[in-house]
Amino acid sequence: MKPHLKPEDAVKLIPDGARLMIGGFMGVGSPHRLLDALAQSGKRNLTVIANDTARAGVDIGKLIRAGAVSRLIASHIGLNPETQKGMIAGEIDVELVPQGTLVERIRAGGYGLGGVLTKTGLGTIAAEGQQTVEIDGETWLLAKPLKADFALIAADQADYAGNLQYQLTATNFNPIMALAAETVICEPREILPVGMISPDVVKTPGVVVDYLIERAA
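Keep in mind it's a predicted model, so treat the numbers as computed, not measured.

Side note on helix α5 (residues 99-111)
- Between its first and last C-alpha, α5 extends 18 Å over 13 residues, near the 18 Å set by a 1.5 Å rise per residue.
- For α5, the set of buried residues is T101, L102, V103, R105, I106, A108 and G109.
- Directly after α5, the chain includes G112, whose backbone phi takes a positive value near 75°.

The following block contains the structure:
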């Protein structure tokens, strides 16, 4: 059985300055209770790798409001004005990455690759300072892999062994992030006995999951 933790106990594992991957897309598929506990924990100087920072005061937006994030790697921040203000004020170092490139960098980190080659952003300010590679006369950007200390993810169902099933678009970044972090903490909607989830629908095997968050009361 995977250890089951309350959200407030799980965030005690995360030190100041940790590098986090957080699943979700505008809050859909994010570990809501885990993020609530993290925002209330007083953690500081976190690096967050995520698709976005949701909206002001929502999910990852709570971490922004709490002043917990000093560096952000994301594909957009357009719907969270508090993230924008933090960037403009120099309080948050923001690296904006095209969405497809972001997920491929995470995948490269999880698969042990040295990076991915892409033409997205080539010839724009997004390519400034980036390494390029010439292949058969064509120029490619080298997007380096991303890894994290912790992946905070959400799933629809988990079994006691940590095998995870996701639901529709709430799948998004979660299974990829689970492969690219040293420690994986998952908040499932429900936890079932082993055998209740068909192997055909398991997207994340329990071998990569370290902790499960207890079901809400």
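Once you've had a look at it, read on.
Topic: the pairing of strand β11 (residues 181-192)
- Burial of β11 is extensive: 10 of the 12 residues sit out of reach of the surface.
- As defined by bridge partners, strand β9 (residues 148-159) adjoins β11 across 10 bridges and the pair is classed as parallel. Paired with D159 across the bridge in β11 is L192.
- Pairing geometry for β11 and strand β12 (residues 211-213), over two bridges, is parallel. Paired with C186 across the strands is L212, a residue of β12.

A word on the environment of V28
- Tracing the backbone through its elements, the reader meets V28 in the loop between β2 (19-22) and α2 (32-39).
- Separated by 26 residues in sequence, V28 and A54 have C-alpha atoms that sit 9.0 Å apart.
- When neighbours within four sequence positions are excluded, V28 is seen to be in contact with T169, A170 and N172.

Here's the deal with the pattern of salt bridges
- One pass over the structure, following the stated rule, counts 11 salt bridges.
- Between D36 and K62 there is a salt bridge, with the nearest N and O atoms lying 2.5 Å from each other. Highlighted residues: D36 in helix α2 and K62 in helix α3 (residues 60-65), separated in sequence by 26 residues.
- For K62, a relative accessible area of 28% corresponds to the partly exposed category.
- Among the ionic pairs, E190 bridges to R189, the shortest N-O distance being 3.2 Å.
- Salt bridges sharing partners connect three or more residues here, namely R71, D93, E95 and R105.

Comments concerning the environment of R71
- Among the structural elements, R71 can be located in strand β4 (residues 69-74).
- As a C-alpha pair, R71 and D93 span 22 residues in sequence and 4.6 Å in three-dimensional space.
- Residues contacting R71, with those up to four places away along its chain left out, are L46, T47, V48, I92, D93 and E95.
- Of the polar contacts made by the side chain of R71, one reaches the side chain of D93; its length is 2.9 Å.

A word on the pairing of β4
- The pairing of strand β3 (residues 46-49) with β4 spans four bridges and is parallel. Each bridged residue has a counterpart across the sheet, and for I49 the counterpart in β4 is I73.
- The parallel pair β3 and β4 is bridged by α3, and the resulting crossover is right-handed.
- Pairing of β4 with strand β5 (residues 93-96), which is carried by four bridges, proceeds in the parallel orientation. Paired with A74 across the two strands is L96, which belongs to β5.
- Assessed by its sense of winding, the connection that carries the chain from β4 through helix α4 (residues 81-88) to β5 is right-handed.

So, how was this worked out
Residues numbered from 1 in each chain as written. Predicted model: local features only at pLDDT ≥ 70, side-chain atom pairs only at ≥ 80, totals over all residues. Heavy atoms only, no water. Helix = DSSP H or I, 4+ residues; strand = E, 2+ residues; numbered from the N terminus. Expected span 1.5 Å × (residues − 1). Buried < 20%, exposed > 50% of the residue type's maximum accessible area, 1.4 Å probe, protein only. Pairing = 2+ DSSP bridges. Contact = heavy atoms within 4.5 Å. Salt bridge = Lys/Arg side-chain N within 4 Å of Asp/Glu carboxyl O. Polar contact = N/O pair within 3.5 Å; in protein donor to acceptor, adjacent residues only side chain to side chain. Right-handed = clockwise from strand over helix to strand, strands pointing away.

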